[in-house]
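Listed here are the chains, written in short residue letters.
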Amino acid sequence: MIKREKRRYLALKAVSEQALGKEAVLDAIQSSVCRLFGEYGASKTKIKLIKEVPEKSHLVIRCSHLMLQEVRASIASTVEINGKPAVIHVVGVSGTLKALAKKT
Amino acid sequence: MKQFADLHLRVPPNDIVQSEKMVQKASELGYSLVAIPFPPNTTRNQIKQLQHICNQAKIDFVSRTNLSPRNSNELLHDLRHCRRNFEIIAVRCYTKDVARQAAKDRRVDLLQFSVTNLRQRFFDKQEAELASQALSSLEIELAPLLQLTSFSRIRLLSCLQRETAIAQRTKVPITLSSGATTEMLMRGPRDYAALATVFDLQLSSALKALSETPLVTVERNRAKLSPEYVAPGIRVTGMKTVD
């Protein structure tokens, strides 16, 4: 029987001088993963945008639990989005969306 | 809950507004202690001003100085003058002579190496063995990893991988610090720990390098700088006056 792969949900907060769309943030994370770990590494992260939480100005993404540290490292190494200085902070990490909502 | 420390938050000492912002940010990111570097000839007032800012942000303040001596004699001279004025002493080793002297001197807390000129990174096996017998630890700043791009970052990562392997083999403590000059270069401790895994530092070791190792260094130095301290293992516990 194939075991279902575990996932991790990350709540992110992007800070920049300009207004940032969720696609722009996700693109910046993806390209940062590619820069640090290459296309092979990026393919294993299985990053997916889940939702935007406008009231907290958070963005929730999902990744493979085996690649959590690699994704966090890539998020930390992001210094610009759309050519403008920006920073993405990880506000919380959890195995379920419900627990993530409680944490953040 | 784990306490985290950033032993190198490079706030501009003359810009109070920016300093306040950076200290506040460090507090928000989850640091309980920050070390702010000052020039060796700084005044008590400047240090007190930043200490006040840190107290307001409810964050523990540590004074630090970075020495950049040209030779070992200059290093010894600087250490004699600065050791009792600052809680943390870091030495930027630009020559091998200075690196060796700094590694074996018990007054040095942190060993720093150049991130731009990799020929000036003298942390080899011999250096590590000297450092392991003294109390100094290898400081790795993470802000340069964010600032450098393409080949310069690849070369730095390669150097850091080699150095962390040597440090772990010879049991030299590793201290991770931000070295951030602006808020945009500041990251949370767990993000920095994740970033440290790219130069083959285990996550547990990275977390230790951001919490336990710097906190132990600060605690040891504070004990040494206290008036009760006499020598290792000897403290004044009380005074008796004879009439």
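Residues numbered from 1 in each chain as written. Chains lettered and ligands numbered in written order. Predicted model: local features only at pLDDT ≥ 70, side-chain atom pairs only at ≥ 80, totals over all residues. Heavy atoms only, no water.

Asker: Please set out the overall build of chain B residue by residue, giving values where relevant.
Answerer: Counting secondary structure elements, chain B contains 10 helices and 9 strands. Rg of the C-alpha trace for chain B: 18 Å, near the compact-globule value of 18 Å for 243 residues, within the 12% margin. Dimensions along the principal axes, computed over C-alpha positions, put chain B at roughly 70 × 40 × 35 Å. For chain B, the share of sequence-separated contacts (at least 6 apart) that also reach a separation of at least 24 residues comes to 73%. (Helix = DSSP H or I, 4+ residues; strand = E, 2+ residues; numbered from the N terminus. Rg over C-alpha atoms; globule rule 2.2 N^0.38 Å. Contact = heavy atoms within 4.5 Å.)

Asker: Can you explain the layout of surface pockets? Please cite residues and give values.
Answerer: Approximately 610 Å³ is the volume attributed to the largest pocket. Forming the boundary of the largest pocket are 22 residues, of which Val90(A), Val91(A), Glu28(B), Leu29(B) and Gly30(B) lie nearest the centre. Elements with a contribution of two residues or more to the lining of the largest pocket: strand E1 (7–16) and strand E5 (84–94) of chain A together with helix H1 (16–29) and helix H8 (189–196) of chain B. Element by element, the count of residues in the lining of the largest pocket is highest for E5(A), at 5 residues. (1 Å grid on protein atoms, 1.4 Å probe; cavity = no way out; pocket = protein on both sides within 12 Å on 5 of 7 lines; lining within 4 Å. Points joined across faces, edges and corners; volume = space filled by probe spheres on them.)

Asker: With reference to specific residues and values, describe the environment of Asn55(B).
Answerer: When you line up the elements, Asn55(B) lands in helix H2 (residues 44–56). For the pair Asn55(B) and Asn66(B), spaced 11 residues apart in the sequence, the C-alpha separation amounts to 23 Å.

Asker: Outline the pairing of strand E6 (residues 137–141) of chain B, supporting the account with residue identities and numerical values.
Answerer: Residues and elements named next belong to chain B. For E6, the tally of buried residues reaches 5 of 5 residues, placing the bulk of the element in the interior. Strand direction decides the pairing type here: strand E5 (residues 110–112) and E6, joined by 2 bridges, are parallel. Considered in E6, the bridge of leucine 111 is made with leucine 138. After leaving E5, the chain enters helix H5 (residues 125–133) and then returns to the sheet as E6, a path that is right-handed. Where E6 lies against strand E7 (residues 174–177), 4 bridges are found, and the strand directions are parallel. Looking at E7, one finds that isoleucine 140 is bridged to leucine 176. (Buried < 20%, exposed > 50% of the residue type's maximum accessible area, 1.4 Å probe, protein only. Pairing = 2+ DSSP bridges. Right-handed = clockwise from strand over helix to strand, strands pointing away.)

Asker: Can you break down the confidence of the model for chain A residue by residue, with the values?
Answerer: The share of residues in chain A with pLDDT of 70 or more is 100%, and the mean pLDDT across the chain is 91. Mean pLDDT in chain A bottoms out at helix H3 (residues 97–103) of chain A, which sits at 90, and peaks at helix H2 (residues 68–76) of chain A, which reaches 95. (pLDDT = per-residue confidence, 0-100.)

Asker: I'd love a proper account of the pairing of strand E3 (residues 58–64) of chain A, names of residues and values included.
Answerer: All names here are of chain A. Across the 7 residues of E3, 7 count as buried, placing the element largely inside the fold. Bridge analysis of E1 against E3 gives 6 bridges, and the strand direction is antiparallel. For arginine 7, the partnering residue across the bridge sits in E3 and is serine 64.

Asker: Any details on the pattern of salt bridges? Residues and values, ideally.
Answerer: Residue and element names in this part refer to chain B. Applying the stated criterion across every chain, the model contains 11 salt bridges over all chains. Of the charged contacts, one joins aspartate 60 and arginine 222 as a salt bridge, the two residues approaching to 3.1 Å between their closest N and O atoms. With aspartate 60 in strand E3 (residues 60–67) and arginine 222 in helix H10 (residues 212–225), this pair connects stretches of sequence that are 162 residues apart. Note on arginine 222: relative accessible area 28%, which makes it partly exposed. Salt-bridge contacts for aspartate 105 lead to arginine 107; the nearest nitrogen and oxygen are separated by 2.9 Å. A cluster of three or more residues bridged by salt bridges with shared partners is formed by Asp60, Glu87 and Arg222. (Salt bridge = Lys/Arg side-chain N within 4 Å of Asp/Glu carboxyl O.)

Asker: Provide a residue-level description of empty space enclosed by the protein, including the pertinent values.
Answerer: Evaluation of the coordinates by the stated rule reveals 1 cavity of 30 Å³ or more. Considered as a void within the structure, the largest cavity measures approximately 40 Å³ in volume. For the largest cavity, the full set of lining residues is Leu36(A), Ser77(A), Leu145(B), Arg153(B), Leu157(B), Leu195(B) and Val198(B).

Asker: Tell me about unusual backbone geometry, and name the residues and values.
Answerer: Backbone geometry follows two general trends: most residues other than glycine have a negative phi, and most peptide bonds adopt the trans configuration. Residue and element names in this part refer to chain B. Backbone geometry places lysine 58, a non-glycine residue, at a positive phi of 55°. Mapped onto the fold, lysine 58 is located in the loop between H2 and E3. Positive phi is not limited to glycine here, since serine 150 has a value of about 35°. Note on placement: serine 150 falls in helix H7 (residues 150–169).

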